[in-house]
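Below are the chains, spelled out letter by letter.
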Amino acid sequence: MKHDVSYGEEENNPARSAPVSTLVTPDDIRYDNLCHAYNYRFIAQPDYFRLAHSPQQAEEAVREAVAAGKRITVRSGGHCGEDFVAAPDVQVILDLSPMSRVDFDRERNAFVVEAGASVGTMIGALFRRWGVTVPVGFCMGVGAGGHISGGGYGPLSRMLGLSVDHLYAVEVVVVDQDRNVSTVVATREESDPNRDLWWAHTGGGGGNFGVITRYWMRSPEASGTDPAGLLPRPPGALDIAEVSWPWDRLTEADFVRLTGNFMDWQLANSAPGSPNADLYALLDCLHRSAGNITLHAQVPVEAPDSGARMDAFLEALGVGVATAPAVRRKSLPWLAASQYLAVPDTGPTAIGLRCKVKSADLRAPHSPEQRATLYRHLTGDDYRATYAAVEYIAYGGKVNTVPSTATAIPRDALLKTFYMVTWQDPAEDDRHMRWIRELYRDMHSSTGGVPVPNDVNTGAYINYADVDLADPEWNTSGVPWHALYYGDNYPGLQEVKARWDPLNIFHHTLSVTHPRTPTQKEW
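Here the structure is a predicted model, which is why all the values come from computation and not from measurement. (Residues numbered from 1 in each chain as written. Predicted model: local features only at pLDDT ≥ 70, side-chain atom pairs only at ≥ 80, totals over all residues. Heavy atoms only, no water.)

### Observations concerning the pattern of salt bridges
Part 1: Scanning all chains against the criterion turns up 29 salt bridges.
Part 2: Between Arg-75 and Asp-95 there is a salt bridge; the shortest N-O distance is 3.1 Å. Taken together, the positions of Arg-75 in strand 3 (residues 72–75) and Asp-95 in strand 4 (residues 92–95) put the pair 20 residues apart, joining distant regions of the chain. The pair formed by Arg-75 and Asp-95 is uniform in burial state, with each residue classed as buried.
Part 3: For the salt bridge of Lys-356 with Glu-82, the shortest nitrogen-to-oxygen distance reads 2.6 Å. Here Lys-356, found in strand 14 (residues 354–362), pairs with Glu-82, found in the loop between strand 3 and strand 4; they are 274 residues apart in sequence, far enough to count as distant.
Part 4: Residue class for Lys-356 comes out buried when judged on its relative accessible area of 0%. (Salt bridge = Lys/Arg side-chain N within 4 Å of Asp/Glu carboxyl O. Helix = DSSP H or I, 4+ residues; strand = E, 2+ residues; numbered from the N terminus. Buried < 20%, exposed > 50% of the residue type's maximum accessible area, 1.4 Å probe, protein only.)

### Section: the pairing of strand 2 (residues 48–51)
Part 1: Every second residue of strand 2 is oriented toward a common face, with Tyr-48 and Arg-50 on one face and Phe-49 and Leu-51 on the other, all of them buried.
Part 2: Two strands pair when backbone bridges link them, and strand 2 and strand 4 are joined in this way by four bridges, in the parallel orientation. Across the sheet, residue Leu-51 finds its bridge partner in strand 4, namely Asp-95. (Pairing = 2+ DSSP bridges.)

### Things to note about the side chain of Thr-373
Part 1: By the element assignment, Thr-373 lies in helix 10 (residues 368–379).
Part 2: Dropping the residues within four chain positions of it, Thr-373 is found in contact with Asp-442 and Met-443. (Contact = heavy atoms within 4.5 Å.)

### Considerations on the nonpolar core
Part 1: The biggest cluster of nonpolar side chains holds 146 residues, and the ones touching the most others in it are Val-62, Phe-262, Leu-295, Phe-313 and Tyr-392.
Part 2: The contact partners of Phe-262, leaving out residues within four places of it in the chain, are Ala-281, Leu-282, Leu-283, Leu-295, Phe-313, Leu-317, Tyr-392 and Leu-415.
Part 3: Listed in part, the 13 residues of the second largest apolar core include Val-24, Leu-51, Val-85 and Ala-87. (Core = buried A, V, L, I, M, F, W, Y, C linked by side-chain atoms within 4.5 Å.)

### Here we look at the packing of helix 7 (residues 252–268) against helix 8 (residues 306–317)
Between two packed helices, what matters for the description is the angle formed by their axes and the separation of those axes.
Part 1: With their axes 8 Å apart at the nearest point, helix 7 and helix 8 run at an angle of 140° to one another. Comparing their axes, helix 8 and helix 7 come out oblique. The residues of helix 8 that touch helix 7, namely those facing Leu-258, Asn-261, Phe-262, Trp-265 and Gln-266, are Phe-313, Ala-316 and Leu-317.
Part 2: Residues of the contact of helix 7 with helix 8, tallied by class, amount to six nonpolar, two polar and no charged. (Axes fitted to C-alpha atoms, helices over the stretch in contact; angles between N-to-C directions. Parallel < 35°, antiparallel > 145°, perpendicular 65-115°, else oblique. Nonpolar A, V, L, I, M, F, W, Y, C, P; charged D, E, K, R; others polar.)

### Observations concerning the packing of aromatic side chains
Part 1: For the structure shown, the criterion picks out 21 aromatic pairs.
Part 2: Measuring from ring centre to ring centre gives 5.1 Å for Phe-104 and Phe-111, while their planes differ by 70°; the resulting arrangement is edge-to-face. Each member of the pair, Phe-104 as well as Phe-111, carries the same accessibility label: buried.
Part 3: Members of the aromatic cluster, joined through ring pairs, are Tyr-153, Tyr-395, Phe-418, Tyr-461 and Tyr-464.
Part 4: The aromatic ring of Trp-216 is capped on one face by Arg-108, whose charged end is 4.8 Å from the ring centroid.
Part 5: The positively charged end of Lys-416 is found above the aromatic ring belonging to Tyr-395, 4.6 Å away from the centroid. (Phe/Tyr/Trp six-rings, centres within 6.5 Å; stacked < 30°, edge-to-face > 60°. Lys NZ or Arg CZ within 6 Å of the ring centre and 35° of its normal.)

### Describing the sheet that holds strand 14
The strands that make up a sheet are held in pairs by hydrogen bonds between backbone atoms, and each pair lies either parallel or antiparallel.
Part 1: Reading across the sheet, the eight strands line up as 13-10-12-11-15-16-14-17 and stay open at both edges, with antiparallel pairing between neighbours. In the strand order of this sheet, the two ends are held by strand 13 (326–333) and strand 17 (457–459), each with one partner. Taking the axes of each pair of neighbouring strands and ignoring which way they run, one obtains an average angle of 20° across the sheet.
Part 2: Where strand 11 (residues 280–286) and strand 12 (residues 293–300) come together, six bridges link them in antiparallel fashion. By the bridge assignment, Tyr-280 is partnered in strand 12 with Gln-298.
Part 3: Contacts from helix 7 reach strand 10 (237–245), strand 11, strand 12, strand 14, strand 15 (387–394) and strand 16 (415–423), with the element oriented near 155° to strand 11.
Part 4: In the packing of helix 8 onto the sheet, the strands contacted are strand 10, strand 11, strand 12 and strand 13, and the crossing angle to strand 12 comes to about 155°.

### As for the sheet that holds strand 6 (residues 110–114)
Part 1: With antiparallel pairing, the five strands of this open sheet are ordered in space as 5-6-9-7-8. Strand pairing shows two members of the sheet lacking a second neighbour, strand 5 (102–105) and strand 8 (181–187), which therefore form its edges. In this sheet, neighbouring strand axes are inclined to one another by 25° on average, regardless of whether the strands run parallel or antiparallel.
Part 2: Pairing analysis gives four bridges linking strand 6 to strand 9 (residues 211–217), with the strands arranged antiparallel. Residue pairing across strands places Phe-111 opposite Met-217, the latter belonging to strand 9.
Part 3: Packed onto the sheet, helix 2 (residues 55–67) meets strand 7 (167–175), strand 8 and strand 9 and runs at close to 30° relative to strand 7.

### Observations regarding helix 2
Each α-helix turn comprises 3.6 residues. Residues three or four places apart therefore point the same way.
Part 1: The terminal C-alpha atoms of helix 2, which comprises 13 residues, lie 18 Å apart, in line with the 18 Å expected from a rise of 1.5 Å per residue.
Part 2: Within the span of helix 2, buried status applies to Pro-55, Gln-57, Ala-58, Glu-59, Ala-61, Val-62, Ala-65 and Val-66.
Part 3: Packing partners of the buried residues in helix 2 comprise strand 2, strand 3, strand 4, strand 7, strand 8 and strand 9.
Part 4: Downstream of helix 2 by one or two residues, Gly-69 has phi in the positive range, about 70°. (Expected span 1.5 Å × (residues − 1).)

### Let's talk about the UniProt feature "domain: FAD-binding PCMH-type" (unreviewed entry) in the protein
Part 1: Within this numbering scheme, the UniProt entry marks residues 42–222 as carrying the feature "domain: FAD-binding PCMH-type" (unreviewed entry).
Part 2: Annotated as residues 42–222, this span is 23% helix and 24% strand, and its ends, taken at the C-alpha atoms, are 42 Å apart. (UniProt positions renumbered as here; feature names shortened; annotations may be inferred.)

### A few points about the side chain of Lys-416
Part 1: Along the polypeptide, Lys-416 turns up in strand 16.
Part 2: Here the side chain of Lys-416 touches Asp-361 through a polar contact of 3.1 Å, side chain to side chain. (Polar contact = N/O pair within 3.5 Å; in protein donor to acceptor, adjacent residues only side chain to side chain.)

### Description of the state of the cysteines
Part 1: All told, the structure shown has zero disulfides when counted by the stated rule.
Part 2: Between Cys-80, a free cysteine, and Cys-355, which holds the nearest cysteine sulfur, the sulfur-to-sulfur gap is 9.3 Å.
Part 3: Unpaired in terms of disulfides, Cys-139 finds its nearest cysteine sulfur in Cys-355, a separation of 10 Å. (Disulfide = S-S within 2.5 Å.)

### Section: helix 7
Part 1: Here helix 7 contains 17 residues, and its C-alpha end-to-end distance of 24 Å stays within 8% of the 24 Å for a straight helix at 1.5 Å per residue.
Part 2: Within helix 7, 12 of the 17 residues are buried, leaving the element largely enclosed by the surrounding structure.
Part 3: When we look at burial in helix 7, the residues that qualify are Asp-254, Phe-255, Val-256, Leu-258, Thr-259, Gly-260, Asn-261, Phe-262, Met-263, Trp-265, Gln-266 and Leu-267.

### Examining the environment of Asn-475
Part 1: For Asn-475, the location among the structural elements is in the loop between strand 17 and helix 12 (481–486).
Part 2: In this structure, the C-alpha to C-alpha distance between Asn-475 and Thr-202, residues 273 residues apart in sequence, is 26 Å.
Part 3: Apart from residues lying up to four places away in sequence, Asn-475 is in contact with Gly-448, Val-450, Asp-468, Leu-469 and Leu-484.

Take a look at the structure:
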């Protein structure tokens, strides 16, 4: 069933009608540029690209590919850490980057965000036009299509929850058992027969069930029709602390104590309703060859005792650490502060970037032995990198007021860890990949090289996709990759897959499968 959706009176204005979809083939001057996305480890070589300017064009592009028996993948921001979009057997890439509109849909009484809108575009438009926001990440170039569907989080999540906690509806192009292509809108309404498809996009990740074309955002507790009251309002301004510890004065004992202090404080102050749930912090443990240990922390200026609470947090970090840090403090309006922290849109410094990422979500701190292991990997003289780091990121708070089964993304994590290494020379692939893989394996040596859910770990985060979790060379735990990403929610995702993508048209290395997933030859 196809649903036509209007944004209001402008939708039917001929002057605003979308241009025809763009076909880019290998003989087109634009082709090589489109083959490269954020991660240069994977260079796409499809038969052609389709750039869609509307949901209708996205549907037609899927119908065209399915009729021709071609494997199709979809791209919004192009920031995938693995080859989910650019695998060698992909024949068609549907590029949604032209679909970047953010508006208010009066018919659904919700904000509509097209899948190609970047995080930066989304939060800028929502705030400038209506004074509201959605708790999303600080990588400004990431596309909404993948970010939201994977359960995107950010600096305001301890206060406001996850992006999907404010997701009212999602529009998806799907393909049924008979290869009929249609566009479906699924909402969180209990009476919606398509509600399972909405649920699957609250953390199931992109590229699994169909092509996401639009989201509608409205907080569950919101009422009325004034757009300014339908999503959260961000803080007016933030008190920001930037802290740096120089590696040349940081001993192993200092490092183990510092990282322990950070985790202990975050975990002790991450309960829903905690007075310090509004204090967000990220500890960036860079390799010694790449920089210092740094911390970014922020708290709303208007919050009670915000300055004193930030002082107490910074003081707690230094307990038992012999090395004194350099500290800078400033206050900025919220949107400016968001840009200040942000990883910007892909620019000249990122051209040619190659990267590998990993993750682990925690409910208890890493042990002193794990932190000593991290120290050894970060200080080895036999390795150098432009950027190689493990980040400890504040989490929890309001995120964990939602039951784990209410959304596809599991809950209960109180702290996130993010592993990342970047480089540019393809000849260095093996060296950098080996470093991050061995670090991750050694950090989780007691659980088979991966963060098996237990008293310490809750698993991993699908938006930091890592195919090594499905590789028995690096995952010797006997626990399948999907249990690490989805926990007990995976069977539910399989049911959604069987209903909405029975031919497995949309798939990748870590895609959701159902008991009998057809191969491409079969469909």
